[in-house]
Amino acid sequence: MKVLGIETSADDTGVALIESEGSFGADFRFSVLANEINSQQHSGYGGIFPNHAKNEHKKHLPLLLEKVLAKNSEIPDAIAVTVGPGIEPCLWTGITFAQELSKKWNVPVVAANHMEGHILMSMVQENGFALFEFPVLALLISGGHTELILMKNFGQYEYLGRTRDDAVGEAFDKVARMLDLGYPGGPAISQLAAQARTNNIQCPIQLPRPMLHEDNFDFSFSGLKTAVLRFVDNRTLSEPEKMALAREFEDAAAEVLTAKTLRAIEHSGANTVAVGGGVSANRHIRAQLGEALTAVGCKLLIPAPQFATDNALMIALPGYFHAQKEEFTNADALVAQGTLRLDKSL
Ligand code: KG4
Ligand code: ZN
C-alpha cells in the first residue's frame, strides 16, 4: 500500500510517500519513496508567526508534491494528513490540500495525530525498523509538548504526566531569545553548551530543577526560564557566559526529563521508552537518557536527529497503520484540532 503523508502543523511543510506491507508487528515492512520538507525561517520573530507560516505552507505544498511525484508518479492508495495538535491556520492548509488531492485522485483520507507520528518515528532506526514491545513509555518533547504517555498498544494511550506551563522546546527557544540566538533556539543552545563542556566552562549560578523531587510525572519549565531571565538581567553576555548558561540550562532540562522518565518506568513497568519531538534531537538529552535507561535495563528508542523534528514521513507511518485498519475519515469532514489529544479517537 502506498501512503502519501502531509504535515503542516507548525513551521515545517512536509510531503512524503511510503510503500508498506504487514501489520503493526514483526511482518511490517516499509520503504520511503520520497520525504520532502521545507523548513521555514522565523528567526526575525523569535517564534512561529502563524500568518507567515500559513502562507509558506500554501506556497510549498504543491512544490513539495511535485518533487514527490517526480520520484514516484503512481497515485497513492491513501492520503494521511495532520489534523492536530498544532497551529490551526497551519493545519488547515494541509487539510485543504489533502481534500483537493483526495477528490482529484479519488483516494481515501486518514486524519493523523502529529504526536502519534512523533512516537512512531522512534521505531525508524538507521538499520531498519525497531518493534515496540508493549507497554511502551513515550516521552514527547517538542516546541508545544512535554508529556509522558503510556502506550498500551497501537492506538491505546494513557497520559501519565505533562508540563504545567511551558514545553521544554519552548523553554529552549525562549532562553535562546534572551541570549540573542534566533529561532529555533534548541540547536544553538545545544552547540554553546557543548562548547562549554569541551572547554570546561562552569556556570556561576545553579538553575532550579523544577518539580524534580515531586512524586508525579509532571514537568514545569517556566521557572527555569525565569531564573535565566533574572541572571541575564538585560545585560549583553560575553560568549563564555552564554556557553556556561546554555550548559547549565541544558543540564537542568536533561536532569528533570531523565528523572521523571525513570519515575514513570518504575510506575508503569514499561521496558521500552520511545522518545519523540524536536527536542529529542538534543545530543546531551539523548546521552543522559541513554545512560539512565541502560542502568535500569530499559530499551531506548529515539529517532535519528534528522527525523526528530517535524517531517511528513512521521505522518505517512500512522497513516498506513490506520489505513490498514480502514480507519478513514470523510475528507469533507476533516477539521483542524489545535489541542488534539492521543487518548481521544479521531
Ligand atoms: O517537533 P518539533 O519539530 O515541532 C513541534 O511539534 O513543536 O519541535 C521543535 C522544537 C523547537 O522548540 C526547537 O527549539 C527544538 O524542538 N529543538 C531542539 C533541538 N532541535 C530542535 N531542542 C534542543 N536541542 C536540539 N538540538
Ligand atoms: Zn512536532
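Here is a short report on the structure shown in this document. Remember, predicted model here, so these are calculated numbers, not experimental data.

1. Some points on the overall build of the chain
On a plain count of helices and strands, the chain comes out with 10 helices and 12 strands. In summary, the chain has a C-alpha radius of gyration of 20 Å against a globular reference of 20 Å for 346 residues, a match within 12%. Considering the chain as a whole, with its 346 residues, one finds that 57% of them fall into the buried category. Taking as baseline every contact in the chain between residues at least 6 positions apart, the subset at least 24 positions apart corresponds to 75%. Element-wise, carbon and sulfur atoms account for 48% of the exposed surface of the chain, whose accessible area totals about 14,700 Å².

2. Quick word on the packing of helix H7 (residues 239–268) against helix H8 (residues 283–295)
Packing of H7 against H8 brings their axes to within 9 Å, and their N-to-C directions diverge by 35°. The hand of the H7/H8 crossing is right-handed. Residue-level inspection shows Glu-250, Asp-251, Ala-254, Leu-257, Thr-258, Thr-261, Leu-262 and Ile-265 of H7 in contact with H8, the latter providing His-284, Ile-285, Gln-288, Leu-289, Ala-292 and Leu-293. When grouped by side-chain class, the residues that make up the contact of H7 with H8 number eight nonpolar, four polar and two charged.

3. Points about the site of ligand 1
The environment of ligand 1 is made up of 19 residues, and the closest members are Gly-143, Asp-173, Gly-278, Asn-282 and Asp-310. One of the backbone nitrogen or oxygen atoms of Val-279 is found 3.5 Å away from an oxygen atom of ligand 1. Contact distances for ligand 1 include 3.0 Å between an oxygen atom and a side-chain N or O atom of Asp-310. Protein burial of ligand 1: of its 550 Å² of free accessible surface, 89% is covered by the chains. A total of three residues in the shell around ligand 1 trace back to one element, the largest contributor, which is helix H4 (residues 168–178). Considered class by class, the residues forming the shell around ligand 1 number five nonpolar, 12 polar and two charged.

4. Some thoughts on the coordination of the zinc ion (ligand 2)
Surrounding the zinc ion (ligand 2) are the protein donor atoms His-114 (NE2), His-118 (NE2) and Asp-310 (OD), which sit 2.0 to 2.1 Å from the metal. Within one chain, the residues serving as donors to the zinc ion (ligand 2) are arranged as H-x3-H-x191-D. Within this pair, whereas His-114 is found in helix H3 (residues 114–121), its partner Asp-310 is found in the loop between helix H9 (305–308) and helix H10 (313–324), the two being separated by 196 residues in sequence. A relative accessible area of 13% means that Asp-310 is categorised as buried.

5. Quick look at the environment of Ala-254
Its location among the elements puts Ala-254 in helix H7. Ala-254 sits in the buried class, given a relative accessible area of 1%. Along the primary structure Ala-254 and Ala-26 are separated by 228 residues, whereas in three dimensions their C-alpha atoms are 33 Å apart. Sequence-distant contacts of Ala-254, that is, excluding residues within four places in its chain, are made with His-284, Ile-285 and Gln-288.

6. A few points about the packing of aromatic side chains
Aromatic ring pairs are described here by two measures, namely the spacing of the ring centres and the angle between the planes. Evaluated as defined, the whole model comprises 14 aromatic pairs. Consider the rings of Phe-30 and Phe-129, whose centres lie 5.5 Å apart with planes at 70°: the pair is edge-to-face. Linking Phe-30 in strand S3 (residues 29–39) with Phe-129 in strand S7 (residues 128–129), this pair joins segments that are 99 residues apart in sequence. According to the relative accessible area criterion, Phe-30 is partly exposed, its value standing at 22%. Relative accessible area serves as the criterion here: at 23%, Phe-129 is assigned to the partly exposed category. Taken together, the aromatic side chains of Phe-24, Phe-28, Phe-30, Phe-129, Phe-132, Phe-134, Phe-154, Tyr-320 and Phe-321 make up a single cluster linked through ring pairs. The ring centre of Phe-231 lies 5.2 Å from the NZ or CZ of Arg-235, which sits over that ring. Lying over the aromatic face of Tyr-159, Arg-341 brings its terminal NZ or CZ to 4.3 Å of the ring centre.

7. Thoughts on the pairing of strand S2 (residues 12–21)
Taken across its 10 residues, S2 has eight buried, putting it largely inside the fold. Pairing between strand S1 (residues 2–7) and S2: six bridges, direction antiparallel. Bridge pairing in S2 places Leu-4 opposite Leu-17. In textbook terms, the turn of a hairpin is the stretch between consecutive antiparallel strands, and for S1 and S2 this stretch comprises four residues.

8. Looking at the packing of helix H5 (residues 186–198) against H7
The N-to-C vectors of H5 and H7 enclose an angle of 105°; their axes lie 7 Å apart at closest approach. Taken together, the axes of H5 and H7 are roughly perpendicular relative to one another. Packed against H5, whose contacting residues are Ile-189, Ser-190, Leu-192, Ala-193, Gln-195, Ala-196 and Arg-197, the element H7 presents Glu-239, Lys-242, Met-243, Ala-244, Ala-246, Arg-247, Phe-249, Glu-250 and Asp-251 at the interface. For the contact of H5 with H7, the residue count by class is eight nonpolar, two polar and six charged.

Analysis parameters
- Residues numbered from 1 in each chain as written.
- Chains lettered and ligands numbered in written order.
- Predicted model: local features only at pLDDT ≥ 70, side-chain atom pairs only at ≥ 80, totals over all residues.
- Heavy atoms only, no water.
- Helix = DSSP H or I, 4+ residues; strand = E, 2+ residues; numbered from the N terminus.
- Rg over C-alpha atoms; globule rule 2.2 N^0.38 Å.
- Buried < 20%, exposed > 50% of the residue type's maximum accessible area, 1.4 Å probe, protein only.
- Contact = heavy atoms within 4.5 Å.
- Areas by Shrake-Rupley, 256 points an atom, 1.4 Å probe, with all protein chains shown as cover.
- Axes fitted to C-alpha atoms, helices over the stretch in contact; angles between N-to-C directions.
- Left-handed = near helix turned anticlockwise from the far one by under 90°.
- Nonpolar A, V, L, I, M, F, W, Y, C, P; charged D, E, K, R; others polar.
- Near = heavy atom within 4 Å.
- Polar contact = N/O pair within 3.5 Å; in protein donor to acceptor, adjacent residues only side chain to side chain.
- Donors = N, O, S within 2.8 Å, 3.2 Å for Na, K, Ca; no water.
- Phe/Tyr/Trp six-rings, centres within 6.5 Å; stacked < 30°, edge-to-face > 60°.
- Lys NZ or Arg CZ within 6 Å of the ring centre and 35° of its normal.
- Pairing = 2+ DSSP bridges.
- Parallel < 35°, antiparallel > 145°, perpendicular 65-115°, else oblique.

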